[in-house]
Structures are given as C-alpha cells and as structure tokens.
Amino acid sequence: MRARVVALLAVLLFVSACAAPGSASPAPFTPGASVHTISVGGIDREYRLYLPAGLPPAAPLVVMLHGGFGSAAQAERTYGWNQLADSAKFAVAYPDGLGRAWNAGGGCCGQPARDGIDDVGFITAAVRDIAGNVGIDPSRIFATGISNGGMMAYALACNSAIFAAIGPDSATQLGSCPAPRPMSVLHIHGTADRLIRYDGQPGTGVAHIDGPPVPELNAFWRGVDGCDAPATTVAGNVTTSVATCPGGRSVELVTVAGGGHEWPSFATQTLWDFFAAHPG
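Counting from 1, residues in each chain are numbered in the order their sequence is written. Selection of residues for local features in this predicted model requires a pLDDT of at least 70, selection of side-chain atom pairs for listing and counting requires 80 or more, and totals for whole chains, interfaces and linings are taken over all residues. Based on all heavy atoms of the structure, the side-chain values leave hydrogens and waters out of the count.

Draft legend 1. Focus on the sheet that holds strand S9 (residues 238-244). Reading across from one edge, S1-S2-S4-S3-S5-S6-S7-S10-S9-S8 is the order of the ten strands in this open sheet, with mixed pairing throughout. Edge positions in the sheet fall to strand S1 (32-40) and strand S8 (231-235), since each of these pairs with one other strand and no more. On average, adjacent strands in this sheet sit at an angle of 20° to one another, irrespective of strand direction. Whether two strands pair depends on DSSP finding at least two bridges between them. Strands are runs of DSSP state E lasting at least 2 residues, helices are runs of H or I lasting at least 4, and numbering of each runs from the N terminus. Bridge count for strand S6 (residues 165-169) against strand S7 (residues 184-190) is three bridges, and the pairing is parallel. The residue bridging Ile 166 from the neighbouring strand is Val 185, located in S7. Note on contacts: a residue pair qualifies if any of its non-hydrogen atoms lie within 4.5 Å across the two residues. In this analysis an axis means a line fitted to C-alpha atoms, helices contributing only their contacting stretch, and an angle means the value between N-to-C directions, from 0 to 180 degrees. Sheet contacts for helix H6 (residues 148-159): strand S3 (59-65), strand S5 (136-146), S6 and S7; angle to S5, the most-contacted strand, approximately 140°.

The structure is reproduced here in structure tokens:
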C-alpha cells in the first residue's frame, strides 16, 4: 500500500511540474456565474457572466455596466439581474472597467479617459466572446448601466452596431455621436439627481458632468429613430414618455420626480420588459 501511495504522489508531482507556470484553465461557459479574461489592445480585461439553467439555444444577452467607483462584482450583487435571468431565461454579462470607470467620451471618466482606453472595443469583444461560446441571438443584445455605466451605454449606441436597445439610468451622453444607428432607448432619471443633473447643469461630483438636459437627449434619439410625437402618462411620482418609431422601435423617458442618483427599485424589471419588447 505504501508503495502505491508513493507512486501516486510521484505521478501528481510530475503532472504539476509539466503544467505551465501561472497557467489556468479558462472558465467554462456553463450555467451559473463565471469570470472570463480576454485581451483587448494588449490589455487583459475581465468580465463576469451569468447563465441561468435552461438557457434556450438562441438567448438574449443583457450587458450591465457598473457605475463609476463600482465593479462587475458589485453590479452583479446589486441590481438583481441574475434573479430575473433565472425566470426570464437570458444571459447577463458584467464587464469590469479599468480603475472602476469607463471611457464614455467627452473626457469622462477617470483612468480610462486619461489613458484613452478603448472600452467600446472591450465590451464588443466581450460580447463576441460570449456569442462564440453560448447560443446568443444577435438580434437581442442589449446594454444598460448606471451613471458612468449608463454613459458608456450611450457610447456603445453611438459607436457600435451590435445592440438592439440600450437602457441608461442616471446618465447622460457625452462626446460626439455623428452617425448613430437607429435603436430603441429607455432612459431613467431622477429630477433631484445632483451628480448628473436632469437639467444638464454641471453636477456636484468630482467629474462635474454637464451633458445635455435629459429631455433634449431624449429628443435627440427620437430624431435618430424618426419617431412620432411622444405620449405621456403619470403614475405617482413617475412620468413616462413613450414615442413609437419605425421598425418597431421605441424611445422612452422615465422621469422620477424627486429621485436622486440611484437605480430605482422598478428599474431592472422595467428595463427587461422594454428589451424583451424591442429586439433589433
């Protein structure tokens, strides 16, 4: 028995010695949560992925972008997308911004903006990586995010062609958007947001963000999509403006009277309902 144990240990030591130093097997694309690394522009970047059990062969994909000072892990914990994915059967990706921020245009934000990081390239590469390993429906790829992450969703809308719809929350659009492709847009914003103000005045945060007033941004995307005049409904402190557009698209604005810089309790379900109703 002792001889067999010694022989087994020798085999294990031999296998360990043959493994490449520091190498690790790529994370599998199997149900549950996983972390994946890809190289973009010579930089190793990470994204988290959640795949519910029973995911259909051609599933939707939601890309959830964390806010400034946030992270992929924090976004996965905080916004309830995994729980909704379990019941609605879609995949959720959580890319990680370098330095806890995104280069969303207009000089914002943080290290990625200072270093000229290609976050559009990273996020689109992450989507390609997922689509190459999971059965993703290319007509049902969506992006959402809060604050700097919502700004990044607008950057994706302006500079890529893979998303059917975006859903920014507590965000704005910075930088140029010279040739945007028509797509569905649902923007959620509180009128008392002091960091990214509803009226477009400079915010009180470290970045002093001063994008266009939210209603003007909504009007910009209605123009991009060639929408009809919006119809407005009010329920308590929430006002919803809905504009129908050609091709089954829609541009909507959900205004929360007195709402701050936050992810409202209704946001995740509202965004998913919007995405599900507006494939590309």
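Draft legend 2. Structural context of the pattern of salt bridges. Salt bridge criterion: a side-chain nitrogen from Lys or Arg within 4 Å of a carboxyl oxygen from Asp or Glu. Under the definition given, this model contains five salt bridges. Of the charged contacts in the structure, one is a salt bridge between Asp 137 and Arg 140, with a shortest N-O distance of 3.0 Å. Linking Asp 199 and Arg 197 is a salt bridge whose minimum nitrogen-to-oxygen distance equals 2.6 Å. The cut-offs for exposure are 20% and 50% of the maximum accessible area for each residue type, with area from a 1.4 Å probe on protein chains only; residues under the lower value are buried, those over the upper are exposed, and the others partly exposed. Given a relative accessible area of 40%, Asp 199 falls into the partly exposed group.

Draft legend 3. Structural detail: the nonpolar core. The criterion is simple. A nonpolar core is a set of buried Ala, Val, Leu, Ile, Met, Phe, Trp, Tyr and Cys residues joined through side-chain atoms within 4.5 Å. The biggest cluster of nonpolar side chains holds 50 residues, and the ones touching the most others in it are Leu 61, Ile 123, Met 151, Met 152 and Trp 221. Among the secondary structure elements, those contributing two or more residues to this core are S1, strand S2 (43-51), S3, strand S4 (91-95), helix H5 (119-131), S5, H6 and helix H7 (214-225). For this core, the element with the highest residue contribution is H6, accounting for eight residues. What Trp 221 contacts, discounting residues up to four positions off in sequence, is Tyr 154, Ala 157, Cys 158, Gln 173, Cys 177, Pro 180, Arg 181, Met 183, Val 185, Cys 227 and Val 251. Formed by 26 residues, the second largest nonpolar core is a distinct cluster that contains Ala 164, Ile 188, Val 238 and Trp 263.

Without other data, these values stay purely geometric and don't point to any function.
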